[in-house]
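# Summary of structural features
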Amino acid sequence: MKVNDKKKFINICTITFKSFQHKVTPIQSRQTLWDFMTTSERTDKSYVVCCIPRLKSSKGIINIARKKVPAGMRLVVITNNFDEQDFEESIEKDYCLTTLVQIQDFNTRMLLAN
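For the structure given in this document, a descriptive report is provided here. Starting afresh in each chain, residues are numbered from 1 along the sequence in its written order. Totals for whole chains, interfaces and linings use every residue, but because this is a predicted model, local features are given only for residues with pLDDT of at least 70 and side-chain atom pairs only at 80 or more, for both listing and counting. Side-chain measures were taken over the full set of non-hydrogen atoms in the model, leaving aside hydrogen atoms and water.

What follows covers the sheet that holds strand S2 (residues 36-40). Strand order in this open sheet of five strands is S1-S2-S3-S4-S5, and the pairing throughout is mixed. Single-partner strands in this sheet number two, and they are strand S1 (22-26) and strand S5 (96-99). Adjacent strand axes in the sheet meet at a mean angle of 25 degrees when their direction is disregarded. We treat two strands as partners when DSSP finds at least two bridges between them. Per the convention used, a helix needs a DSSP run of H or I reaching at least four residues, while a strand needs a run of E reaching at least two, with both numbered from the N terminus. Here four bridges tie strand S4 (residues 73-79) to S5, and the two strands are oriented parallel to one another. Residue pairing for S5: Val 77 is matched across the bridge by Leu 97. Interaxial angle, 0 to 180 degrees, is taken between N-to-C directions of lines fitted to C-alpha atoms, where a helix line uses only the stretch in contact.

To continue, consider helix H1 (residues 6-19). One turn of the α-helix equals 3.6 residues, which is why residues spaced by three or four share an orientation. Helices are assigned an expected span. That span is 1.5 Å times one less than the residue count. Here H1 spans 20 Å end to end across 14 residues, near enough to the 20 Å set by a 1.5 Å rise per residue. Here the term buried applies to any residue with accessible area under 20% of the maximum for its type, exposed to any over 50%, and partly exposed to those in between, with areas from a 1.4 Å probe on protein chains only. Of the residues making up H1, those classed as buried are Phe 9, Ile 12, Cys 13, Thr 14, Thr 16 and Phe 17. N-capping of H1 is provided by Asp 5, with a side-chain oxygen placed 3.3 Å from the backbone N of Lys 7. Polar contacts here mean pairs of N or O atoms no more than 3.5 Å apart (in protein, one a potential hydrogen donor and the other a potential acceptor; neighbouring residues in sequence count only if both atoms are side-chain atoms).

A few words now on the environment of Leu 33. With respect to the helices, strands and loops of the structure, Leu 33 is situated in the loop between S1 and S2. When its relative accessible area of 32% is taken as the criterion, Leu 33 is described as partly exposed. Note: C-alpha distance between Leu 33 and Val 69 (36 residues apart in sequence) is 9.5 Å. With near-sequence residues (within four places) excluded, Leu 33 lies in contact with Cys 50, Ile 61, Ile 64 and Ala 65. We call two residues in contact whenever any of their non-hydrogen atoms come within 4.5 Å of each other.

Given below as structure tokens:
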């Protein structure tokens, strides 16, 4: 599923995180580069999440966002697709890169396992 509408993309991402038992806090301020913050209710790990439908045109935003991540949190970038070079760059720059399909597939497998 490829979603290009930013608001719809963010909505799907937040619903998916909520289904993983995460508390989701939408960001209303234009001063941050991420779309929402989330904390796992099970592990207390916290994340800032950037929903970026088109990754290739948003590399600069990711680089700036990485520098502004609050201490104790990790940056998660969710996109429609990425290639091996993008994935290697995310490892090198220490942020999580995933697709909307990957997190939804994982959610489905977890629901079936229960």
